[in-house]
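Reading the structure
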Amino acid sequence: MTQNQTSRTLKHTSVMKDQAVDALNIDPTGLYVDATYGRGGYSESIMNRLNQHGALIAFDKDREAYEHAHKKYHNDARFKIFQTSFKSLSQVLREYYHGRKINGIVFDLGISSPQIDDPKRGFSFSKNGPLDMRMNQDEGDSAAEWLKKATEKEIADVLKVYGEEKFSRKIASAIVLSRSSEKSLQTTKDLSDLIRNTVPFYEKTKDPSTRSFQAIRIFINNEIEDIRDICEQLPLILSDHGRVVFVSFQSIEHRVIKQFIKKVTAGNESFDSLSGLIGPIKKPSFKRIGKATQVSNDEVMDNRRSRSAWMRVLEKLSCQDT
Ligand SMILES: C[S@@+](CC[C@H](N)C(=O)[O-])C[C@H]1O[C@@H](n2cnc3c(N)ncnc32)[C@H](O)[C@@H]1O
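From a predicted model like this one, the values you see are computed outputs, not experimental measurements. (Residues numbered from 1 in each chain as written. Predicted model: local features only at pLDDT ≥ 70, side-chain atom pairs only at ≥ 80, totals over all residues.)

1. Brief notes about the pairing of strand β5 (residues 238–248)
Just so we agree on the cut-off: Note on burial: count the other C-beta atoms lying within 10 Å of the residue's C-beta; 20 or more is buried, 12 or fewer is exposed, in between is partly exposed, and C-beta positions come from the backbone. For helices the rule is a DSSP run of H or I covering at least 4 residues; for strands it is a run of E covering at least 2, with both sets numbered from the N terminus onward. Following DSSP output, two strands are said to pair if at least two bridges run between them.
In terms of burial, β5 is largely enclosed, as 8 of its 11 residues are buried. Bridge count for strand β4 (residues 102–108) against β5 is 6 bridges, and the pairing is parallel. Bridging across to β5, I105 finds its partner in V244. Pairing analysis gives 6 bridges linking β5 to strand β10 (residues 310–316), with the strands arranged antiparallel. Residue V244 lies in a different strand from β10, and its bridge partner there is L314.

Structure, rendered in structure tokens:
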């Protein structure tokens, strides 16, 4: 990165973009949601498929993502971006769209390349910068602030649950111990040095900091709770045959999405053919469209950051279907 570059000018290569937008099965007059704008790769592709009656709502917590979208689309009345979590979608539909239902929503989860590549954002252990990691730079505790006040158990739990870090307790203990030394954890290098000095290089392909950085980022940005929250809203805000497309990268994201899919596609579980009904019949509210699809080898060759991506697609059933 050159001195003048900031995350405003850094680029993001969209992952599984054509597959994800194709999977929305776009009606040119419909209302769609890009839940994670980033640098607008998905949004641009959706906008290209809408006519003058269609509309797109986008979300991103990140100020620079918001500014990117605002600059690009401020003259286009079909497009609106909100600098907030996608979990505000129901509220936005009530306040700005008269409670209209949406025809489709796409999630491209996690963080963007401009966020990772700008050292000032503090997401990367390989680039020294302030230990921040917030998607929304204007809200909440930075990673450094949280690590200063969290208990040892809270830190260990976060590292274990969100990072599947097997040395979670050892790292948490070293973090708490570091508070009593003169130099508290202020930078990404401070934290990655501490982790390197605490645990061995135990995985061939991963720096010892990888799991802890991922875990702390997921926690301070409330990433998993936001996904759970919007999933609860989806059955109510999608129109019949509306599509949901998830592109996810981390095993904890895959797990939460799979649990949601299992829940909303399950039906008639409590019907017993011998004894008749043994409980209320559970109707599925969604069907799966295709199988979970992994990113192609060709895409990974072009963009290594796509390597853990999976796409999953659902369609809302109408009353007649269920
Ligand atoms: C992988 S990038 C999306 C890239 C985008 N599809 C593109 O093609 O440019 C993920 C973006 O989602 C944002 N994000 C993640 N979780 C979010 C949430 N719960 N609410 C709003 N934005 C979120 C991040 O700030 C980041 O900019």
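Right, picking up where we left off after that structure.
2. Some details on the site of the ligand
How we decide: By definition, a residue lies near a molecule or strand when the C-beta atom built from its backbone is within 6 Å of it. Each residue is assigned to one class: nonpolar for Ala, Val, Leu, Ile, Met, Phe, Trp, Tyr, Cys and Pro, charged for Asp, Glu, Lys and Arg, and polar for all the others, Gly among them.
Near the ligand there are 22 residues, and of these S14, T36, G38, G41 and D108 occur at the shortest range. When residues of the shell around the ligand are traced back to their parent elements, those giving at least two are α2 (41–49) and α11 (223–237). For the shell around the ligand, the residue count by class is 6 nonpolar, 9 polar and 7 charged.

3. Let's talk about the domain arrangement of the chain
Using the following cut-off: Note that the domain bounds were set by an automatic or database domain assignment. Note on contacts: residues are paired as contacts if their backbone-placed C-beta atoms lie within 7 Å.
The domain architecture assigned to the chain consists of domain 1 (17–113 + 223–321) and domain 2 (137–220). The distance between the C-alpha centroids of domain 1 and domain 2 comes to 31 Å. Contacts between domain 1 and domain 2 engage 6 residues on the former and 6 residues on the latter. Looking at the side of domain 1 that touches domain 2, the elements that each hand over two or more residues are α11 and α12 (251–265). Of the residues in the side of domain 1 that touches domain 2, the class split is 2 nonpolar, 2 polar and 2 charged.

4. A word on the nonpolar core
Note the threshold: A set of buried residues qualifies as a nonpolar core if it consists of Ala, Val, Leu, Ile, Met, Phe, Trp, Tyr and Cys joined through C-beta atoms within 7 Å.
Ranked by size, the top nonpolar core spans 52 residues in total, and within it A20, L56, V106, F107, V245 and V247 carry the most contacts. Among residues more than four places away in sequence, those in contact with V245 are A20, A23, L24, V106, F107, M311 and V313. Of all hydrophobic cores here, the second largest spans 26 residues; its members include A144, V158, I195 and F219.

5. Notes on the environment of D132
Positionally, D132 belongs in the loop between α5 (113–117) and α6 (143–149). The buried category is assigned to D132, around which 21 C-beta atoms lie within 10 Å. Separated by 17 residues in the primary sequence, D132 and K149 have C-alpha atoms spaced 15 Å apart. Excluding residues that lie within four positions of it along the chain, D132 makes contacts with R121, G122, S142 and A143.

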